[in-house]
Amino acid sequence: YALVVLVSGSGSNLQAIMDAIAGGTLDAQIACVVSNKRKAYALERAENASIPTHVAPLKPYLREGHTREQYDVDLAQVINGYAPDLIVLAGWMHIVSAAFLDVIQAPVINLHPALPGTFPGTHAIERAYEAFQRGEISQSGCMVHHVIPEIDAGEVITQAIVPFTAGESLDDYETRIHAAEHRIIVEAVRQIQLAKA
Ligand code: GRF
């Protein structure tokens, strides 16, 4: 069961998938790790495990006069080349366009650090924390959902509720969210794999 994982940052969720595979609790293999950021630590994690990587920076591509849509189509074709059964967006910072979803030949799932229908887009953890500070919510969480053209809106595969603790710092809360993410990202891949079986 082949995965292609798209990353932009530290790759702790990629690492969670790698650890589950190495530990024998996830029966899959990572065919390629794709990053738009050459310096993403996630790429080091992949290289340390001899997992193929592909770097596709957007800016140079646009500077050469290509469009964002062409970037997405080209990237989708590169990913298709690895014949994945599932594409996992794990901290991928770009919005996935309809052009990408039209070309890609496997389902795409995304990890988002907020509960369904809340705090779509960037800085979701921080915005949820501030809402808690204003007394508007008592819990937030994270979810993995299927990717459709509307941002952070596809069918939810799995989610985790992470209640706030009074007086905790944003950092402390963020650490607890990431711990929950590392669980649900693996759970989501397993669920889809078993549903396919
Ligand atoms: C995670 O919080 C994810 O939900 C968000 O970006 C972060 C990625 O972290 N989209 P990492 O690169 O997997 O450590």
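Rules used throughout
- Residues numbered from 1 in each chain as written.
- Predicted model: local features only at pLDDT ≥ 70, side-chain atom pairs only at ≥ 80, totals over all residues.
- Heavy atoms only, no water.
- Near = heavy atom within 4 Å.
- Polar contact = N/O pair within 3.5 Å; in protein donor to acceptor, adjacent residues only side chain to side chain.
- Areas by Shrake-Rupley, 256 points an atom, 1.4 Å probe, with all protein chains shown as cover.
- Helix = DSSP H or I, 4+ residues; strand = E, 2+ residues; numbered from the N terminus.
- Nonpolar A, V, L, I, M, F, W, Y, C, P; charged D, E, K, R; others polar.
- Pairing = 2+ DSSP bridges.
- Axes fitted to C-alpha atoms, helices over the stretch in contact; angles between N-to-C directions.
- Contact = heavy atoms within 4.5 Å.
- Buried < 20%, exposed > 50% of the residue type's maximum accessible area, 1.4 Å probe, protein only.
- Arc of directions from axis to C-beta.

Peer 1: Any chance you could break down the site of the ligand for me, citing the residues and the numbers?
Peer 2: The environment of the ligand is made up of Gly9, Ser10, Gly11, Ser12, Asn13, Gly91, Leu111, Pro113, His178 and Glu181. Here an oxygen atom of the ligand and a side-chain polar atom of Ser10 are 2.6 Å apart. Ser12 is positioned with one of its side-chain polar atoms (N or O) 2.6 Å from an oxygen atom of the ligand. The fraction of the free accessible surface of the ligand (370 Å²) that becomes covered by protein chains is 81%. Secondary-structure elements contributing two or more residues to the shell around the ligand are α1 (12–22) and α7 (170–196). Grouping the constituent residues of the shell around the ligand by class yields 2 nonpolar, 7 polar and 1 charged.

Peer 1: Tell me what's going on with the sheet that holds strand β2 (residues 29–35), and back it up with residues and numbers.
Peer 2: Taken in spatial order, the 7 strands line up as β3-β2-β1-β4-β5-β6-β7 in an open sheet, and their pairing is mixed. Lying at the two open borders of the sheet, with one neighbouring strand each, are β3 (53–55) and β7 (156–163). Ignoring strand direction, the axes of neighbouring strands in this sheet form an average angle of 20°. Here strand β4 (residues 86–89) pairs with strand β5 (residues 108–112) via 3 bridges, running parallel. When the bridges of β5 are listed, Val88 appears paired with Ile109. Sitting on the sheet, helix α2 (residues 41–48) is in contact with β1 (2–7), β2 and β3, with an inclination near 155° to β3.

Peer 1: Pulling in residues and values, what's your account of the environment of Gln191?
Peer 2: Note that Gln191 resides in helix α7. Overall, the relative accessible area of 36% leaves Gln191 in the partly exposed class. Aside from chain neighbours lying at most four places away, what touches Gln191 is Ile157 and Thr158.

Peer 1: Would you mind going over α2 in detail, with residue names and values included?
Peer 2: Considered for burial, the residues of α2 that qualify are Ala42, Leu43, Arg45 and Ala46. Viewed along the axis of α2, the buried residues span an arc of 155°, placing them on a single side of the element. Among the structural elements, β1, α1, β2 and β3 are those in contact with the buried residues of α2. Positive phi shows up at Ser50, right after α2, with a value of about 55°.

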